[in-house]
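Inside the fold
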Amino acid sequence: MSGLSHVRNVAIVGCGNAADGLDDDQSRRHIYSHATAISKLDQLNITACCDIDPTRMERFADKWDISGRYTDYQKMVDEEKIDILVIATPTVAHYDNVLTALSKEIEAVFCEKPLTYTLKEGEGLVKKAAEAGKLLFVNYMRRWDSFYAECNGLLKGGRIGSVQTIVAYVDTALYMNSIHMLDMILFLAGEVISCTGFLDMVGEPRVVHEREDRGGVALFYHKNGIISFVKATGETQRAHCFEVDIQGTKGRLRILDDDIRYELYEFKESPQHAGLDELHLVHTEYNRNKQERVVDAYRDIVDCLNTGKDPVFSGKDSLGSIELVEMIYKSDSQSHFPISRRAQT
């Protein structure tokens, strides 16, 4: 079972966009869907799928030549031999789906983000996974992206000196879209101490399964002294943005167009003000890496199962972004008063 050549059985619950539909868009630069990513690895084989919509399930199963076909999730996890379970259902179903999986002989669960709508539920699942000795992953895909790892390495290596501020711009909808950026802020700046938040009450909220998901604006104070600002609003849901501007004591790092490129700036002697230094662009790095981050996420899962190593990004790690969303909502409800992060157990 621990041999590197062992092919593991994968089952997917939820046969919609996250499962494979997103990759129907040929203009996307990356693989976004689970089935497409899984198909790139010889160590994995999709043996079962489930969706409450039989038409959608059959379409998915036919496309990927899957023999185990179900419209009843409980029946699938009871009957199938599953090594890795992929949960690509709506967020409202994640808690029950993960909880059921953790009670079965399933080695690893890979859940779409966010893990749950509430921090309390998410913490409960992480605790149960640890108690059951199961691996729990959540698909914040940029955590497996070598481009962002390189950018984080530049910061940690002091390339722009001590980081002072981070300003980030991302799509609206805190739970469904913006939460990716909130997780990135934690990745780049570390633990948050307090948050001042504003919900976007002007723009129309995204409605997901009859639940409103508003955008917002937040100011975070981090344990290491960094101050970050996140603008997660937009006039329409078509307004896509994922950019980060990081200022340090010795320079600046700008991550542009998601992961298309980054720019490095250094303070150099000013050509217009004697005795002063100004920021100058010294390097632009285009992302020419052909690796796929969702594929790399699955590689990480397989490596963890094969070797027992720690995940690059675990279910426990994913809880931070949920907590930040809750802090934004709480601050907004309390006249935008700064909200301190609660003590962690």
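Below is a summary of the structure that appears in this document. For clarity, every value in this text was computed on a predicted model and none was experimentally measured. (Residues numbered from 1 in each chain as written. Predicted model: local features only at pLDDT ≥ 70, side-chain atom pairs only at ≥ 80, totals over all residues. Heavy atoms only, no water.)

This paragraph deals with helix H6 (residues 146-156). Listed as buried for H6 are Phe147, Tyr148, Cys151, Asn152, Leu154 and Leu155. Each buried residue of H6 lies within a common arc of 155° when the element is viewed along its axis, so the set occupies one face. Put simply, Asp145 is the residue that caps the front of H6, since its side-chain oxygen is 2.8 Å from the backbone nitrogen of Phe147. Directly after H6, the chain includes Gly158, whose backbone phi takes a positive value near 80°. (Buried < 20%, exposed > 50% of the residue type's maximum accessible area, 1.4 Å probe, protein only. Helix = DSSP H or I, 4+ residues; strand = E, 2+ residues; numbered from the N terminus. Arc of directions from axis to C-beta. Polar contact = N/O pair within 3.5 Å; in protein donor to acceptor, adjacent residues only side chain to side chain.)

Here the largest pocket is characterised by a volume of approximately 1,400 Å³. For the largest pocket, the lining is made up of 42 residues, of which Asn17, Ala18, Leu22, Lys113 and Arg206 are closest to its centre. Put simply, the parts of the chain that give the lining of the largest pocket at least two residues each are helix H4 (91-102), helix H7 (174-189) and strand E9 (206-208). Ranked by residues supplied to the lining of the largest pocket, first place goes to H7 with three residues. Considered class by class, the residues forming the lining of the largest pocket number 16 nonpolar, 13 polar and 13 charged. (1 Å grid on protein atoms, 1.4 Å probe; cavity = no way out; pocket = protein on both sides within 12 Å on 5 of 7 lines; lining within 4 Å. Points joined across faces, edges and corners; volume = space filled by probe spheres on them. Nonpolar A, V, L, I, M, F, W, Y, C, P; charged D, E, K, R; others polar.)

Moving on to the packing of aromatic side chains. Aromatic ring pairs: the centre-centre distance and the angle between the two ring planes describe each pair. Applying the stated criterion across every chain, the model contains 10 aromatic pairs. Relative to Tyr175, the ring of Tyr117 lies with its centre 5.1 Å away and its plane at 80°, an arrangement referred to as edge-to-face. With Tyr117 in the loop between strand E5 (108-111) and helix H5 (119-132) and Tyr175 in helix H7, this residue pair connects regions lying 58 residues apart in the sequence. According to the relative accessible area criterion, Tyr175 is buried, its value standing at 6%. By the ring-pair criterion, three or more aromatic residues cluster together here, those being Phe110, Phe137, Tyr140, Trp144, Tyr298 and Phe313. (Phe/Tyr/Trp six-rings, centres within 6.5 Å; stacked < 30°, edge-to-face > 60°.)

The method is simple in principle: a probe with the dimensions of a water molecule rolls over the atoms, and the space it marks as empty is what remains. Throughout the structure, instances matching the rule amount to one cavity of 30 Å³ or more. In this structure, the largest cavity spans a volume of roughly 60 Å³. His30, Trp144, Asp145, Ser146, Asp259, Asn287, Asn289, Gln291, Glu292, Arg293 and Asp296 are the residues that line the largest cavity. Its residues placed into classes, the lining of the largest cavity shows one nonpolar, five polar and five charged.

Keep in mind that these numbers describe shape and distance, not what the molecule does.
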